[in-house]
Amino acid sequence: YGGMGLDFSYNIAVAEELGNIRCGGIPMAIGVQAGMTTPALTRFGSDELKKQFLVPTIAGDLVACLGISEAGAGSDVANIKTTAVRKGDEYVINGGKMWTTSGCQADWMCLLANTSEGPPHRNKSLICLPMNQPGIHVAKKIDKLGMRSSDTAQIFFEDVRVPSKNLIGEEGKGFTYQMLQFQEERLWGVATVLTPLENIIQETIDYTRQRKVFDQSVLHNQAVHFRLAELATEVELLRSLLYRTVALYVEGNDVTKFASMAKLKAGRLAREVTDSCLQFWGGMGFTSEVLVSRFYRDLRLMSIGGGTDETMLSIICKYMETLPSK
């Protein structure tokens, strides 16, 4: 379908390299296109759907967005209220989505909606939704603290009709498909923070080396260079966890626990590194002129988007409870 046929480890290599972009919004938007809207379509979509949506998305001719979160259902995916009711050979969609990355410019949405009245984990389906359909209203572009170069939309659906053939895979399997899709999303997110964190630490070393306070460089203080050494060590530990998880995933293993651990650690470490380094920049760190202040804002999303820290902790706890007692 136009891709290179490489395994998921290459996605991670690309994500790490995109971390050299001096903001978080652009790598995130690329990640939505490459690793968040398309995995389920690639795995479970019909050949016709892949030709219509996947091929031009891979080619970069179409922009895709992911319609999961709602105003009352962020990390709690099972609680979404948007419906897609089957009428003849069409679905009629009503509801709305929130926090939709690239939603203002997207050509199609990978939409999760309730397609039946059944149990919340078995009544949802993923649907390829063209964004030029009547009844789709992009309410506003959300003004955000960070990730400002990536548009984020609130979207409403009012009697939107889409062919039933736009269903990805089987009806009622959408929640399962999305959970699989989330693992790749979370690993991509972890990979995109590694390089920025390294760059922030290095730029902080360079700045504190030349900045003089009380007749000596700031870096000369043991509290400063010890702290930077600790942070650099933490980044390498996160990289090791990511690589181990990706290797297991490529081999076909369930990596939900490790992906959740990596996502949790990445969010917390991003906050720790940017906060500590910003402090060492002093007043300059509080300006918009330096990289650390931008990533202080941009990377804060890592602990919220794609599943909050608290959600990751809940997932990890569930997997720990399945371990046999010693």
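Residues numbered from 1 in each chain as written. Predicted model: local features only at pLDDT ≥ 70, side-chain atom pairs only at ≥ 80, totals over all residues. Heavy atoms only, no water.

### A look at the environment of Tyr319
Okay, step 1: Along the polypeptide, Tyr319 turns up in helix α9 (residues 309-321).
Okay, step 2: Distance from Tyr319 to Gln133, taken between C-alpha atoms, is 42 Å for residues 186 residues apart in sequence.
Okay, step 3: Ignoring sequence-local partners within four residues, the contact set of Tyr319 consists of Asp254, Thr256 and Lys257.
Okay, step 4: Engagement of the side chain of Tyr319 in a polar contact is seen with the side chain of Thr256, the distance being 3.3 Å. (Helix = DSSP H or I, 4+ residues; strand = E, 2+ residues; numbered from the N terminus. Contact = heavy atoms within 4.5 Å. Polar contact = N/O pair within 3.5 Å; in protein donor to acceptor, adjacent residues only side chain to side chain.)

### Here's the deal with the UniProt feature "domain: Acyl-CoA dehydrogenase/oxidase N-terminal" (unreviewed entry) in the protein
Okay, step 1: As recorded in UniProt, the feature "domain: Acyl-CoA dehydrogenase/oxidase N-terminal" (unreviewed entry) lies at residues 1-61.
Okay, step 2: For the annotated span residues 1-61, helix accounts for 69% and strand for 0% of the residues, and the straight-line distance between the end C-alpha atoms is 13 Å. (UniProt positions renumbered as here; feature names shortened; annotations may be inferred.)

### As for the pattern of salt bridges
Okay, step 1: Summed over all chains, the structure comprises 18 salt bridges.
Okay, step 2: For the salt bridge of Glu16 with Arg239, the shortest nitrogen-to-oxygen distance reads 2.7 Å. Linking Glu16 in helix α1 (residues 8-18) with Arg239 in helix α6 (residues 222-250), this pair joins segments that are 223 residues apart in sequence.
Okay, step 3: With relative accessibility at 13%, the residue Glu16 sits in the buried group.
Okay, step 4: When its relative accessible area of 12% is taken as the criterion, Arg239 is described as buried.
Okay, step 5: Residue Arg239 is joined to Glu198 by a salt bridge in which the shortest nitrogen-to-oxygen separation is 2.5 Å. Remark: Glu198 occurs in helix α5 (residues 174-210) and Arg239 occurs in helix α6; sequence separation between them is 41 residues.
Okay, step 6: One salt-bridge network, held together by shared partners, links Glu16, Glu198, Glu236 and Arg239. (Salt bridge = Lys/Arg side-chain N within 4 Å of Asp/Glu carboxyl O. Buried < 20%, exposed > 50% of the residue type's maximum accessible area, 1.4 Å probe, protein only.)

### Points about the state of the cysteines
In a disulfide, the sulfur atoms of two cysteines are held together by a covalent bond.
Okay, step 1: With the rule as written, the count across this model stands at zero disulfides.
Okay, step 2: In this structure Cys23 is a free cysteine whose sulfur lies 17 Å from that of Cys104, the closest cysteine sulfur available.
Okay, step 3: Not engaged in a disulfide, the cysteine Cys110 finds its nearest cysteine sulfur in Cys128; these two sulfurs lie 6.1 Å apart.
Okay, step 4: Residue class for Cys110 comes out buried when judged on its relative accessible area of 0%. (Disulfide = S-S within 2.5 Å.)

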